[in-house]
Amino acid sequence: MKALRLLVIAAGLILGACSTISITNQWRDPSWPGPPATSVVVVGISRSDTMRHIFEDTFSQQLQAAGIQASPSYTQIPAGTTGAVGLRDLVKSSGAQAVLATRVQRVEQRVSVTPSGPMYGGFYGWYGGAWASVPDVQQYDVVTLETSVWDARSEKLIWTVTTEGIGSKDIPKTTTELAQTLIPKLKTEGILR
């Protein structure tokens, strides 16, 4: 059970392990002068190398499809290390103007109980129906992700957002959904070109 829970949390990282994603909070540095970035390094914070690779590759592909040069960080930063020096070298060598990093902020387990159909006929009709009906009970995870964009030159946070969605094991699909939710926002906000 504990291993399954850890897998769900790691899958959550996926940074994107959410389907039907909604933005719950957003902040932009009002003093950031720009210009909008055209080149980004993508960082997925995860204990799972596989999920990190899938997230970074998928988000990078979505950025590229939107006309932004993007590089996954795992190509230069070994798993299990903070990799600050490697990340700095990657950002410098790639010419990236921004670093986009996503991490799991929390995973909450929720339960939804939906009663069965209506019961008629007063108390005795209800009573007989109550024994005959079984409610629909569903347990699911709600994953909250934090995505931050850092200016590569000044090393300052320029934009951050939290998103929430239902946990999913389809990491490429949910990462694509996350990217398709965030990239238009990043362009509208002037963070990306």
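Not measured: the values here are computed from a predicted model.

**So, the overall build of the chain**
And then number 1: A count of helices and strands for the chain gives five helices and six strands.
And then number 2: From first element to last, N terminus to C terminus, the chain shows the α and β order α-β-β-α-β-α-β-α-β-β-α.
And then number 3: Residue pairs at least 24 apart in sequence account for 75% of intrachain contacts in the chain once pairs closer than 6 positions are excluded.

**Examining the nonpolar core**
In a soluble, globular protein the nonpolar side chains are often hidden away together inside.
And then number 1: Core analysis: the largest hydrophobic core is formed by 26 residues, its most contacted members being Val 40, Val 42, Phe 59, Leu 63, Val 149, Trp 159 and Leu 186.
And then number 2: Of all elements in the fold, only β2 (39–44), α2 (49–65), β4 (98–114), β5 (136–151), β6 (157–167) and α5 (171–188) reach the threshold of two or more residues within this core.
And then number 3: Top contributing element to this core by residue count: α5, with five residues.
And then number 4: The next biggest cluster of nonpolar side chains, apart from the first, holds eight residues, and it includes Val 43, Val 91, Ala 96 and Ala 152.

**Let's talk about a nonpolar patch on the surface**
And then number 1: A cluster of nonpolar side chains, Phe 123, Tyr 124, Trp 126, Tyr 127 and Trp 131, forms an exposed patch at the surface whose accessible area comes to about 730 Å².
And then number 2: Looking at the element boundaries, Trp 126 is found in helix α4 (residues 122–132).
And then number 3: Assessed through its relative accessible area of 43%, Trp 126 is described here as partly exposed.

**Quick word on the packing of α2 against α5**
Each pair of packed helices can be described by the angle between their axes along with the distance between the axes.
And then number 1: The contact between α2 and α5 brings their axes to 9 Å, and the two run at 40 degrees. Between α2 and α5, the angle is such that the two are oblique. Note on packing geometry: the crossing formed by α2 with α5 is right-handed. Only Ile 171, Pro 172, Thr 175, Thr 176, Leu 178, Ala 179, Gln 180 and Ile 183 of α5 make contact with α2, whose side of the interface consists of Ile 54, Phe 55, Thr 58, Phe 59, Gln 62 and Leu 63.
And then number 2: For the contact of α2 with α5, the per-class residue count stands at nine nonpolar, five polar and no charged.

**So, the pairing of β6**
And then number 1: Taken together, the nine bridges between β5 and β6 define a ladder with antiparallel strand orientation. Within β6, the position partnered with Leu 145 by the bridge is Thr 163.

**Things to note about α5**
And then number 1: An ideal rise of 1.5 Å per residue puts 26 Å on 18 residues; α5 measures up with 26 Å between its terminal C-alpha atoms.
And then number 2: For α5, the N-terminal capping position is held by Asp 170, with its side-chain oxygen 3.2 Å away from the main-chain nitrogen of Lys 173.
And then number 3: At the C-terminal side of α5, Gly 190 shows a positive phi close to 80 degrees.

**Digging into the pattern of salt bridges**
And then number 1: Evaluation of the coordinates by the stated rule reveals six salt bridges.
And then number 2: Glu 108 serves as the salt-bridge partner of Arg 110, at 3.7 Å between the closest nitrogen and oxygen.
And then number 3: Residue class for Glu 108 comes out partly exposed when judged on its relative accessible area of 29%.
And then number 4: With its nearest N and O atoms 4.0 Å apart, the salt bridge here joins Glu 177 to Lys 173.

**A word on the side chain of Ser 60**
And then number 1: Relative to the assigned elements, Ser 60 resides in helix α2.
And then number 2: On the basis of relative accessible area, Ser 60 is assigned to the buried category, the value being 3%.
And then number 3: Looking at Ser 60, its side chain comes within polar contact range of the main-chain oxygen of Glu 56, at 2.7 Å.
And then number 4: Those residues in contact with Ser 60, other than ones at most four positions away along the chain, are Val 42, Ala 70, Ser 71 and Pro 72.

Basis of the calculations
Residues numbered from 1 in each chain as written. Predicted model: local features only at pLDDT ≥ 70, side-chain atom pairs only at ≥ 80, totals over all residues. Heavy atoms only, no water. Helix = DSSP H or I, 4+ residues; strand = E, 2+ residues; numbered from the N terminus. Contact = heavy atoms within 4.5 Å. Core = buried A, V, L, I, M, F, W, Y, C linked by side-chain atoms within 4.5 Å. Buried < 20%, exposed > 50% of the residue type's maximum accessible area, 1.4 Å probe, protein only. Patch = residues over 30% accessible without salt bridge, like charges linked within 9 Å, V, L, I, M, F, W, Y side chains within 5 Å. Areas by Shrake-Rupley, 256 points an atom, 1.4 Å probe, with all protein chains shown as cover. Salt bridge = Lys/Arg side-chain N within 4 Å of Asp/Glu carboxyl O. Axes fitted to C-alpha atoms, helices over the stretch in contact; angles between N-to-C directions. Parallel < 35°, antiparallel > 145°, perpendicular 65-115°, else oblique. Left-handed = near helix turned anticlockwise from the far one by under 90°. Nonpolar A, V, L, I, M, F, W, Y, C, P; charged D, E, K, R; others polar. Pairing = 2+ DSSP bridges. Expected span 1.5 Å × (residues − 1). Polar contact = N/O pair within 3.5 Å; in protein donor to acceptor, adjacent residues only side chain to side chain.

Note that every value here comes from positions in space, so none of it alone points to a role or purpose.
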